[in-house]
Number of protein chains: 2
Amino acid sequence: MEKILECVPNFSEGRNLDTVEKIVDSFRGKDGVKLLDYQTDKDHNRMVVTVVGEPEALKKTVIEAVGTAVRLIDMRTHQGQHPRMGAVDVIPFIPIRNLSMADAVDVSKQVAKKVAGKYALPVFLYAEAAIHPERYNLANIRKGEFEKMAEKIRRPAWKPDFGDAEIHPTAGVTAIGARMPLVAFNVNLDTDNLNIADQIAKRVRHTGGGLRYCKGIGIELKDRGLVQVSMNMTDFTKTALYRAMELIRIEAGRHGVNVVGSEIVGLVPMEALIDSAAYYLGLEDFSMEQVLEARIME
Amino acid sequence: MEKILECVPNFSEGRNLDTVEKIVDSFRGKDGVKLLDYQTDKDHNRMVVTVVGEPEALKKTVIEAVGTAVRLIDMRTHQGQHPRMGAVDVIPFIPIRNLSMADAVDVSKQVAKKVAGKYALPVFLYAEAAIHPERYNLANIRKGEFEKMAEKIRRPAWKPDFGDAEIHPTAGVTAIGARMPLVAFNVNLDTDNLNIADQIAKRVRHTGGGLRYCKGIGIELKDRGLVQVSMNMTDFTKTALYRAMELIRIEAGRHGVNVVGSEIVGLVPMEALIDSAAYYLGLEDFSMEQVLEARIME
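Below or above, wherever it landed, is the structure these notes cover. Just so you know, these numbers come straight off a predicted model, no measurement behind them.

Moving on, we come to the overall build of chain A. The number of helices and strands found in chain A is nine helices and 11 strands. Over its C-alpha atoms chain A spans a radius of gyration of 21 Å, differing by no more than 12% from the 19 Å that the globule rule assigns to 298 residues. Considering only C-alpha atoms, chain A reaches an extent of 55 × 45 × 35 Å along its principal axes. Residue burial in chain A is summarised as follows: out of 298 residues, 54% are buried.

So, in structure tokens, the structure goes:
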């Protein structure tokens, strides 16, 4: 695989494992495509698939999987705790190797056009693929969920980017777009005072005047008697992990509190960590081209 | 590529580019094999190739390249500054992914047996593949070089591990073995006093009572007015880069000197850097399986 694109489609089925497997089958045994993970959640009644591949091959498998989901999932009877508006709730494409964000946006638009035509499924473009600024944020699109979408989509402001202003009767609507990889990065503090974690999170995150590509909240780890600054790093190429860590350390010092550890939840691109290694080791003139695995994947 | 083995064969030709290209051709356009680099040195009259691949495919290309080198290089007229004992001076195999050192040793023995039989080329097993302890160190085998090898190899102590006790008339002998990836890691100090770098290198390296898998010397960077502790990390899975860095920082403090930067020369496996990122970020329960690229290469 010379060019690697990631896709993390969310399907509104987390209970009927027969349906789940039929959807996931689209990603199995395909040349140029690698299924990395799929997780179902019964409470959410939802499945999240993580798959990577060459753009063309990946596109085909995603379109196929959308077809299966549209055929098998009936949103009229769907119940689950997670907000959702369609059988395929959202499809983000993420550039991983030798691809730009513009390339990922292109792919997302091609897939959006294709599934809108092939399955009569209205599609909203979101995140970096959004054409309308109010559609950048997925929550804005999804507001009202499946149940109110038939009405919402007929309003001129919510005309879909592809397909008719008419929901698919059983599959609802879908959001398709492109974004950077997210890194879930949590930093633990040696206090049980949630207020301190909250205050630090507020100062470190973008909305509180902190780092541009960092979202964060304070949470309690009750069994450990600790609190945590729980972050989503939304573009590690611009807001490095070490910068968030060192800012938290500084802010924690104001409270007489120490950083005692951290964690990464789920997958992380190697560059996000190698970048922090390069900072802490003080590497001069280091290039990702020196990483053996990067060269192998070229 | 599910399993990745690296090979860094050294050929005794760095001037005749026609011969160089013919040897390198063996590594081009082969399924399951990727040529990462080849560098010729005219003064050394030597070429170093870096190639990775699936074990079976890689084995075949290496055997083919040895055949080409044996056919085209005549050691009787070879001159160069680097010590050498054969047309193919040394072939190390290095386990990179989903392979153990034992697997790399197996491959090295298979290649040794094959080239000894096919090309009448005596082979010494060295490093982790060595059967005789005095053959662990390549310099011991190479001592006397091509010119004295015809006599040396007839001594019982230097009977080759594969092939007859008779050098190949034009290609000499070859050492084949297995080792861990080397990481060339240099740390710069804000002094021009070479003696300080020498003393620190001595304390940090294995032979001076320091870290088990660390070799090191002090060198001067005259144009920058700095000195450097120049290291070879011979097994980063056991002697981590950050440990060498932090020990150097501590020792430098004794001299009132600071670490001002570092560099990695050439290629480095991602794990060597991710391991240091995990240390400095204080990551708890981190697994290489969380690295996206590691999962893609699985």
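Resuming the write-up.
With that out of the way, let us pick up the relation of the copies chain B and chain A. The operation relating the two chain copies consists of a rotation about an axis and a shift along that axis. Between chain B and chain A, which share one sequence, the superposing operator has a rotation angle of 180° and an axial displacement of 0.0 Å; the RMSD is 0.1 Å. This pairing of chains is accounted for by a two-fold axis. For chain B, the smallest separation between a C-alpha atom and the rotation axis is recorded for Ala277(B), amounting to 2.1 Å. Same-surface contact between copies: 100% of interface residues of chain B are shared with the interface of chain A.

This brings us to the nonpolar core. Phe185(A), Leu189(A), Phe185(B) and Leu189(B) are the most contacted members of the largest nonpolar core, which has 76 residues in total. Sequence-distant contacts of Phe185(A), that is, excluding residues within four places in its chain, are made with Val229(A), Ser230(A), Met231(A), Met233(A), Leu241(A), Met245(A), Ser262(A), Glu263(A), Ile264(A), Leu281(B) and Leu283(B).

What follows is about the pattern of salt bridges. Pairing between side chains becomes possible if they bear opposite charge and their charged atoms approach one another. Tallied over the entire structure, the rule returns 36 salt bridges over all chains. We note a salt bridge from Arg46(A) to Asp89(A), for which the minimum N-O separation is 3.1 Å. Taken together, the positions of Arg46(A) in strand β4 (residues 46-53) and Asp89(A) in strand β5 (residues 88-97) put the pair 43 residues apart, joining distant regions of the chain. Judged by its relative accessible area of 5%, Arg46(A) is buried. Asp89(A) gets classed as buried once you look at its relative accessible area, which sits at 0%. Note that Asp89(B) and Arg142(B) form a salt bridge whose closest N and O atoms lie 2.5 Å from each other. Highlighted residues: Asp89(B) in strand β5 (residues 88-97) and Arg142(B) in helix α4 (residues 138-142), separated in sequence by 53 residues. Via salt bridges that share partners, Glu21(A), Asp25(A) and Arg28(A) belong to a single interconnected network.

Residues and elements named next belong to chain A. Among the structural elements, Lys238 can be located in the loop between β10 (226-233) and α7 (241-254). For the pair Lys238 and Ala87, spaced 151 residues apart in sequence, the C-alpha to C-alpha distance is 34 Å. Residues within four places of Lys238 in sequence aside, it is in contact with Tyr213 and Arg243.

The subject of this paragraph is the interface of chain B and chain A. With 44 residues of chain B at the interface, the matching set in chain A holds 44 residues. Between chain B and chain A we count two salt bridges in total. Between Glu284(A) and Arg224(B) there is a salt bridge, and its shortest N-O distance comes to 2.9 Å. If you look at where chain B meets chain A, you find 22 residue pairs in polar contact (both at pLDDT 80 or more). Those elements giving two or more residues to the side of chain B that touches chain A turn out to be β1 (4-7), β3 (33-41), β8 (183-189), α7 (241-254), β11 (259-265), α8 (270-281) and α9 (292-297) of chain B. At seven residues, the largest contribution of residues to the side of chain B that touches chain A is made by α8(B). Counted by class, the side of chain B that touches chain A contains 26 nonpolar, seven polar and 11 charged residues.

Quick look at the packing of α7(A) against helix α8 (residues 270-281) of chain A now. Residue and element names in this part refer to chain A. Viewed as axis vectors pointing N to C, α7 and α8 meet at an angle of 60°, and their least axial separation amounts to 8 Å. Judged by the angle between their axes, α7 and α8 are oblique. Across from Leu241, Tyr242, Met245, Glu246 and Arg249 in α7, the residues of α8 making contact are Ala272, Leu273, Asp275, Ser276, Tyr279 and Tyr280. Across the contact of α7 with α8, the residue classes break down as seven nonpolar, one polar and three charged.

Okay, the pairing of β5(A) next. Residues and elements named next belong to chain A. Taken across its 10 residues, β5 has 10 buried, putting it largely inside the fold. For strand β1 (residues 4-7) and β5, the ladder comprises four bridges, and the chain directions are antiparallel. Across the sheet, Glu6 pairs through a bridge with Ile94, a residue of β5. Strand direction decides the pairing type here: strand β2 (residues 10-11) and β5, joined by two bridges, are antiparallel. Within the sheet, the bridge partner assigned to Asn10 lies in β5 and is Val90. Where β5 and strand β7 (residues 174-178) come together, four bridges link them in parallel fashion.

Turning our eyes to something else, we now look at the sheet that holds strand β9 (residues 214-221) of chain B. Residue and element names in this part refer to chain B. Read from one edge to the other, the open sheet built from four strands follows the order β9-β10-β8-β11, with strand pairing classed as antiparallel. Looking at strand neighbours, the two that pair on one side only are β9 and β11, the edges of this open sheet. Geometrically, the sheet is characterised by an average inter-axis angle of 20° between neighbouring strands, direction not taken into account. Across six bridges, the pairing between β8 and β11 is antiparallel. If you follow Ala184 over to β11, its bridge partner there is Val265. α7 contacts β8, β10 (226-233) and β11 of the sheet and is inclined by roughly 25° relative to β8.

Criteria and thresholds
- Residues numbered from 1 in each chain as written.
- Chains lettered and ligands numbered in written order.
- Predicted model: local features only at pLDDT ≥ 70, side-chain atom pairs only at ≥ 80, totals over all residues.
- Heavy atoms only, no water.
- Helix = DSSP H or I, 4+ residues; strand = E, 2+ residues; numbered from the N terminus.
- Rg over C-alpha atoms; globule rule 2.2 N^0.38 Å.
- Buried < 20%, exposed > 50% of the residue type's maximum accessible area, 1.4 Å probe, protein only.
- Least-squares fit on C-alpha atoms with pLDDT ≥ 70 in both.
- Contact = heavy atoms within 4.5 Å.
- Core = buried A, V, L, I, M, F, W, Y, C linked by side-chain atoms within 4.5 Å.
- Salt bridge = Lys/Arg side-chain N within 4 Å of Asp/Glu carboxyl O.
- Polar contact = N/O pair within 3.5 Å; in protein donor to acceptor, adjacent residues only side chain to side chain.
- Nonpolar A, V, L, I, M, F, W, Y, C, P; charged D, E, K, R; others polar.
- Axes fitted to C-alpha atoms, helices over the stretch in contact; angles between N-to-C directions.
- Parallel < 35°, antiparallel > 145°, perpendicular 65-115°, else oblique.
- Pairing = 2+ DSSP bridges.

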